[in-house]
Amino acid sequence: MKTNFILILFLVGLISCKEEIPVLNQKIYFEKHYVNMAWIPQSSGFLIDSTGNVRAFKWVEVSHVWYDPDSTGTISNANMDKNISYCQTINSHINPDTLKVFIDKIYQASKGKISEPKLVMADAGTTTYSAFIFDKKTNRYKQVLLKTDGDISTTNSAPESEQIYRWLSRIGN
């Protein structure tokens, strides 16, 4: 009798969920990307993959094609693979437990509202902090914009976004 009651409670709990939380099964979860096209063009940053590798990239005075999200806020799986191929080194490795803590925050961060971009500086460049949710149906990564700072500033209203941003900003420093 207890088993049936517990089973019924479990099923009611599943049915009452209003939103489907996506299964995060993907290659890349996070990106920090600095771009400055004033004076000497430069682009640098890192991607964090599903195994916790921090994959660095850096270009100074070199023209390259980095695939940013398109007008729909997504990047194709093929273009993300190209971005991964541009990473030259694995700088460090994130502990699996720590990685899971921050991956688990992505979905809630995706629910935040993005502020209007503000021009804050000139010629300093802009650093963009992002997380990604992979959609198996479309084979595309949806960008979750966490924050931009530098020449242009934007914020995400979700508290989880700020938590991920603070964590990402400490990596590599």
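Note that this is a predicted model, so its numbers are computed, not measured.

Scoring rules and cut-offs
- For every chain, the first residue of its written sequence is number 1, and the numbers climb from 1 along that sequence.
- Selection of residues for local features in this predicted model requires a pLDDT of at least 70, selection of side-chain atom pairs for listing and counting requires 80 or more, and totals for whole chains, interfaces and linings are taken over all residues.
- Water and hydrogen atoms play no part in the side-chain values, which are based on all heavy atoms of the structure.
- Strands are runs of DSSP state E lasting at least 2 residues, helices are runs of H or I lasting at least 4, and numbering of each runs from the N terminus.
- N or O atoms within 3.5 Å of each other form a polar contact, as long as, within protein, one can give a hydrogen and the other can take it, and as long as residues adjacent in sequence are counted only when both atoms are side-chain atoms.
- The contact criterion used is simple: two residues touch if any of their non-hydrogen atoms lie within 4.5 Å.
- Residue-level confidence of the predictor is what pLDDT reports, using numbers from 0 through 100.
- Only protein chains enter the area calculation, which uses a 1.4 Å probe; residues under 20% of their type maximum are buried, those over 50% are exposed, and those in between are partly exposed.
- Every axis corresponds to a line fitted to the C-alpha atoms, with the helix fit spanning only the stretch in contact, and the corresponding angles, defined between N-to-C directions, vary from 0 to 180 degrees.
- Crossing handedness follows the turn of the near helix against the far one: under a right angle anticlockwise gives a left-handed crossing, and clockwise gives a right-handed one.
- For this scheme, ten residues count as nonpolar: Ala, Val, Leu, Ile, Met, Phe, Trp, Tyr, Cys and Pro. Four count as charged, namely Asp, Glu, Lys and Arg, and the remainder, Gly too, count as polar.
- Note on patches: the residues involved have over 30% relative accessible area and no salt bridge, like charges join within 9 Å, and the nonpolar side chains Val, Leu, Ile, Met, Phe, Trp and Tyr join within 5 Å.
- Residue-level accessible areas treat just the shown protein chains as cover; the underlying method is Shrake-Rupley with a 1.4 Å probe.
- For this document, the term salt bridge refers to a Lys or Arg side-chain nitrogen within 4 Å of an Asp or Glu carboxyl oxygen.
- To estimate the expected span of a helix, count its residues, drop one, and scale the result by 1.5 Å.

**Here's the deal with the side chain of Thr126**
Item 1. Assignment of secondary structure puts Thr126 in strand β7 (residues 126–135).
Item 2. Here Ile152 takes part through its backbone nitrogen, which lies 3.5 Å from a polar atom of the side chain of Thr126.
Item 3. Setting aside its immediate chain neighbours within four residues, Thr126 contacts His33, Tyr34, Val35, Thr148, Asp149, Gly150, Asp151 and Ile152.

**Considerations on the confidence of the model for the protein**
Item 1. Considering every residue of the protein, the mean pLDDT works out to 85; 83% of them sit at 70 or more.
Item 2. In the predicted structure, residues 1–24 sits below a pLDDT of 50 and forms 11 contacts with residues beyond four places in sequence or in another chain.

**So, the environment of Tyr165**
Item 1. Of note, Tyr165 is situated in helix α4 (residues 159–170).
Item 2. Tyr165 gets classed as buried once you look at its relative accessible area, which sits at 14%.
Item 3. Measuring from C-alpha to C-alpha, the distance between Tyr165 and Thr148 comes to 9.5 Å, with 17 residues separating the pair along the chain.
Item 4. Those residues in contact with Tyr165, other than ones at most four positions away along the chain, are Tyr129, Leu146, Lys147 and Asp149.

**Focus on the packing of helix α3 (residues 96–109) against α4**
Two measures define how a pair of helices packs: the angle their axes make with one another and the distance between the axes.
Item 1. For the pair α3 and α4, the least separation of the axes is 8 Å and the interaxial angle reads 140 degrees. Relative to α4, the crossing made by α3 is left-handed. Counting all contacts with α3, which are made through Thr98, Leu99, Phe102, Lys105, Ile106, Gln108 and Ala109, the residues of α4 involved are Glu160, Ser161, Gln163, Ile164 and Trp167.
Item 2. A per-class count over the contact of α3 with α4 returns six nonpolar, four polar and two charged.

**With respect to a nonpolar patch on the surface**
Item 1. On the surface, a cluster of nonpolar side chains totalling about 360 Å² of accessible area is made up of Trp39, Ile40 and Val60.
Item 2. Among the structural elements, Ile40 can be located in the loop between β1 (28–36) and β2 (42–49).
Item 3. Looking at Ile40, the relative accessible area reads 38%, which means it is partly exposed.

**Concerning α4**
Item 1. In this model α4 runs 17 Å from its N-terminal to its C-terminal C-alpha over 12 residues, within 8% of the 16 Å that 1.5 Å per residue would give.
Item 2. Among the residues of α4, those classed as buried are Ser161, Ile164, Tyr165, Trp167, Leu168 and Ser169.
Item 3. Contacts made by the buried residues of α4 are with β1, β2, α3, β7 and β8 (140–150).
Item 4. Trailing α4 by a residue or two, Gly172 shows a phi angle of about 85 degrees, which is positive.

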